Amino acid sequence: MVRLFATTVIAAVALAGVTAQAGPKQGGAMVVTYKDDISTFDPAIGYDWQNWSMIKSLFDGLMDYKPGTTELIPDLAESYTISDDGLTYTFKLRQGVKFHNGRTLTPTDIKYSIERSVDPKTQSPGQGFFWQIAGFDEMASGKATELSGITTPDDHTVVIQLSQPDATFLQIVAINFAFAVPREEVEKYGLDFGRNPVGTGAYRMTEWSLGQRVVFERNTDYFREGAPFLDKITFEVGQDPSVALLRLKRGEVDVLGDGIPPANFLQEVADPANKGMIVEGGLLHTGYITLNTTKAPFDNKLVRQAVNMAINKERIIRIVNGRASIANQPLPPAMPGYDTSYKGYAFDPGKAKQLLAEAGYPDGFATELYAMNTDPNPRIAQAFQQDLAAVGIKAEIKSLAQATVIDAGGEGTAPMLWSGGMAWIADYPDPSNFYGPILGCGGAVPGGWNWAKYCNKEIDALAAKADGMAAADQAEARIDSWRQIYNKIMDDAPWVPVMNEVRFAMHSARIGGKDIFFADPIHIPVHYEYVYAKDVE
Amino acid sequence: MFRFLAGRLFQSAFILLGVTIITFGLLYLIPVDPARMIAGRSATPQTVESIRHQLGLDRSIPVQYARYLGNLMQGDMGRSYVQKARVSELIASRLPATLQLMAAAIFFELLIGLPAGIFAATRRNRPSDKAVMVFSFVGVSAPQFVVGLLLIYVFAYQLELFPLGGYGTIWHVVLPALTLGVTIAGWYSRMSRSSMVDVLRQDYIRTARAKGVTESRVVLVHGLRNAILPIVAMIGIDIGLYAQGIVVVEAVFGWPGIGQLAWLAIQRIDIPIIMGVTLVAAVGIVIGNLLADIATSLIDPRVRHG
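About the thresholds
- Residues numbered from 1 in each chain as written.
- Chains lettered and ligands numbered in written order.
- Predicted model: local features only at pLDDT ≥ 70, side-chain atom pairs only at ≥ 80, totals over all residues.
- Helix = DSSP H or I, 4+ residues; strand = E, 2+ residues; numbered from the N terminus.
- Buried ≥ 20, exposed ≤ 12 C-beta atoms within 10 Å, placed from the backbone.
- Contact = placed C-beta atoms within 7 Å.
- Pairing = 2+ DSSP bridges.
- Nonpolar A, V, L, I, M, F, W, Y, C, P; charged D, E, K, R; others polar.
- Core = buried A, V, L, I, M, F, W, Y, C linked by C-beta atoms within 7 Å.
- pLDDT = per-residue confidence, 0-100.
- Axes fitted to C-alpha atoms, helices over the stretch in contact; angles between N-to-C directions.
- Left-handed = near helix turned anticlockwise from the far one by under 90°.

Looking now at the overall build of chain B. Scanning chain B from N- to C-terminus turns up 13 helices and zero strands. Shown N-terminal to C-terminal, the secondary structure of chain B runs as helices and strands in the order α-α-α-α-α-α-α-α-α-α-α-α-α. Looking at the 306 residues of chain B, the share that counts as buried comes to 39%. When contacts within chain B are restricted to residue pairs at least 6 apart in sequence, long-range pairs at least 24 apart make up 71% of them.

Pasting the structure below:
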């Protein structure tokens, strides 16, 4: 049997929902500020939270997410089918989609674009995401010049053959690294394509003055009728966040890309003049302490559980001015698979001491806690230090530069590591993305991101099984197995999940849109395609 | 004069070579692997290895240095690891903004520092002298980002006299240049005071006064011409002093100069850019000193023939 998903309908409904309320009109402009200049708009290269969402406005992939949600919808694809064995994905392309240079999108563009990310010469940080496509190993190692698994039988079909079933594959063709780029432009600009982006997206880049501003203008040929709303978005870069806040108050700026500066946060949130301008939203983020499971005393599960009970997470939330919620499991609440019924380890220093005694450390022990050296992380580390001291653990704080801390985690030299400032933010909204690289055996290698060096073969097998459940009717069962996997992991306690950051976006009163577009889990800081200017005539 | 210049230029070339060796060495001592940074968190060890090979990072450091220097001789500073753009282009597009800011800052520091120093010197050990010196000290010690934010808040936000950061018109340059100028003017007022105090004790000044020349003419004409020498030398060194200030001030005011570029590159361990900016700053300092030497020798023949 082959399942066919009628899909343009969903997208159209999503759009209609937006257009119907308050009657936003197309037109107008918006100014967004950022502290740092943009590194690149090349979808195969860009991999920071700032350009991630901008690239999504310039380019499109086969799949996308329903605005404001983590639900997948077809984008450049019009529909798709998955074979029963979960190995063959057939995408029918939407007709008449045009690149910003006027050329019509073809299936070979899709093939070329994915292959470009896999090609070792591109040096794409996204290469590894495409491991499941047949022919990946040959191309990634430089032995082949194309992916044998991607074929284009006719003018509007792309067939992708997998080497093994992967339930996350539709997420993979929705990430930036799989976005369609026109070969002729990539070849024309070479390494400078990142500064001269040409895609199929809702916006075209029309100006980039290094260190000053980037201008996006509405793509009038965009394939979604009526989208986007704004005619023009100006990104002013190099803007100090405190100065940007002053400019927003004066009406020169509409959205603070870097958020509200921490020093002004409590004051601004409390200010009644800002009513309706500050939107709170979850991030697919968890902040955690990793406990190196390969080194004594953290090779003892009882010790790891004791540390989980010793940390007073409520105090940490106060340290960050309430800009986070308490975490008790690896997955953040906005992620499918989050277990609302899971209670986790309650704060209980007495019980922690008891467990330490049971583990053979009645008088505690001395250890090291690595943390990044930018505020508020050293203060958070000090709070951990006090909590640990209360149960007899003397932790020396190693407060270092980000790259050094990541290195210590990767090489496994850090017994305890606070992830603040380098924590995992999901690449795509699927529970498996919080496992493989940071809790699975594959990440527990030198230089890997599994800083707890946690490798449980039994759980690895369960994870592989869950991701093999690629059929649509297995989706729920699959999420359920992930839920169980994370509960099992928490029993082993390689991490102390501490908090989930909450994002507070601030925008000027003249910019409108549903709150969810200012707190979209995929598009940060705002969904550029769905917010609108209220002052359009 | 020609021999003097040639000697200086020869020295400068060696200084710059030294700068490249030291910077290159230091950057490769950092315990961070750029290939791993580029490869990202989802990369396999093979990907990291392939990137390392493509960047030539798997060669020995002397080989890498020789290659870098070879390219540099041909005007190629390499490409940014993160942005993939040419370092020379990135720097060239931002250099004019930084030069403009520095020129304006030098204007302000002289405008504030010189008169303050001369004023203090003529009122030596009196309360007004002490007051000027205290202010100089405060200026020199004040963190530039605090001064910058304060100026923005008062003059741009409250009084609305200047734009809130940014780049473009003459009005945009005033506050950032003033921030740099105020914080460095302190050095100038102290320097010009002590230099002027020395000069005013000289015999020829006493002679001038005895001739009945007016006091203002004694100070501003007879005195200043001699007292100015160390100041001119100091402007040459200024560019070095600015190297740190520019980074902070450009960040606060959103000034699209090379300080901002350097700051971002350091955060992203973008070694080719860090190398490039350091080199350009070193060239700036060397040129600044060279110009100061030439100016001094023009003003004072003793230096030239010394």
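Moving on from the coordinates now.
All names here are of chain A. Spatial ordering of the open sheet is given by 8-9-10-1-11, a layout of five strands whose pairing is mixed. In the strand order of this sheet, the two ends are held by strand 8 (203-209) and strand 11 (255-256), each with one partner. Inspection of the sheet shows strand 1 (residues 29-33) paired to strand 11 by two bridges, in the parallel sense. Bridged to Thr-33 within strand 11 is Leu-256.

The next subject is the interface of chain B and chain A. Taken together, the 39 residues of chain B in the interface contact 36 residues of chain A. Elements supplying a minimum of two residues to the side of chain B that touches chain A: helix 2 (34-39), helix 3 (45-54), helix 5 (87-122), helix 7 (144-158), helix 10 (215-253) and helix 11 (258-267) of chain B. Take the side of chain B that touches chain A: its biggest share by element is seven residues, from helix 3 of chain B. By residue class, the composition of the side of chain B that touches chain A is 22 nonpolar, 12 polar and five charged.

Turning our attention to helix 11 of chain B. Residue and element names in this part refer to chain B. For helix 11, a buried count of eight out of 10 residues is recorded, marking the element as mostly surrounded by other parts of the structure. Three or more residues of helix 11 are buried, namely Ile-258, Gly-259, Gln-260, Leu-261, Ala-262, Trp-263, Leu-264 and Ala-265. The secondary structure elements touched by the buried residues of helix 11 are helix 5, helix 10 and helix 12 (271-299).

Among all residues except glycine, the phi angle is most often negative; among peptide bonds, the trans geometry is most common. Residue and element names in this part refer to chain A. Residue Ala-227 is joined to Pro-228 through a cis peptide bond whose omega torsion reads -10 degrees. If you trace the backbone, Pro-228 turns up in the loop between strand 9 (213-218) and strand 10 (232-236). With an omega of 0 degrees, the peptide bond running from Ala-296 to Pro-297 counts as cis. With respect to the element layout, Pro-297 can be found in the loop between strand 13 (285-291) and helix 9 (301-310). Residues other than glycine seldom take positive phi values, yet Ala-493 does so here, at roughly 50 degrees.

Time to look at the nonpolar core. Ile-289, Ala-306 and Phe-384 of chain A together with Leu-261 and Val-277 of chain B are the most contacted members of the largest nonpolar core, which totals 226 residues. With sequence-adjacent residues up to four places away left out, Ala-306 of chain A is seen in contact with Ala-352, Leu-355, Leu-356 and Val-391 of chain A.

A low pLDDT score tells you not to read the predicted coordinates there in detail. Predicted confidence across chain B gives a mean pLDDT of 87, with 98% of residues reaching 70 or more. Across the interface, the model reports ipTM at 0.84; the global pTM reads 0.87.

All names here are of chain B. Between helix 11 and helix 12, the shortest axis-to-axis distance is 9 Å and the interhelical angle comes to 145 degrees. In the crossing of helix 11 with helix 12, the sense of the turn from one axis to the other is left-handed. Residues Ile-258, Leu-261, Ala-262, Ala-265 and Ile-266 of helix 11 pack against Ile-273, Ile-274, Val-277 and Val-280 of helix 12. Among the residues making up the contact of helix 11 with helix 12, the classes are represented as nine nonpolar, no polar and no charged.

Residue and element names in this part refer to chain A. Spatially, four strands are ordered 4-5-7-6 in an open sheet, and the strand pairing comes out antiparallel. Edge positions in the sheet fall to strand 4 (77-82) and strand 6 (150-151), since each has one partner strand and no second. Against the sheet, helix 3 (residues 107-118) contacts strand 5 (88-93), strand 6 and strand 7 (157-161), and its axis sits at roughly 35 degrees relative to strand 7.

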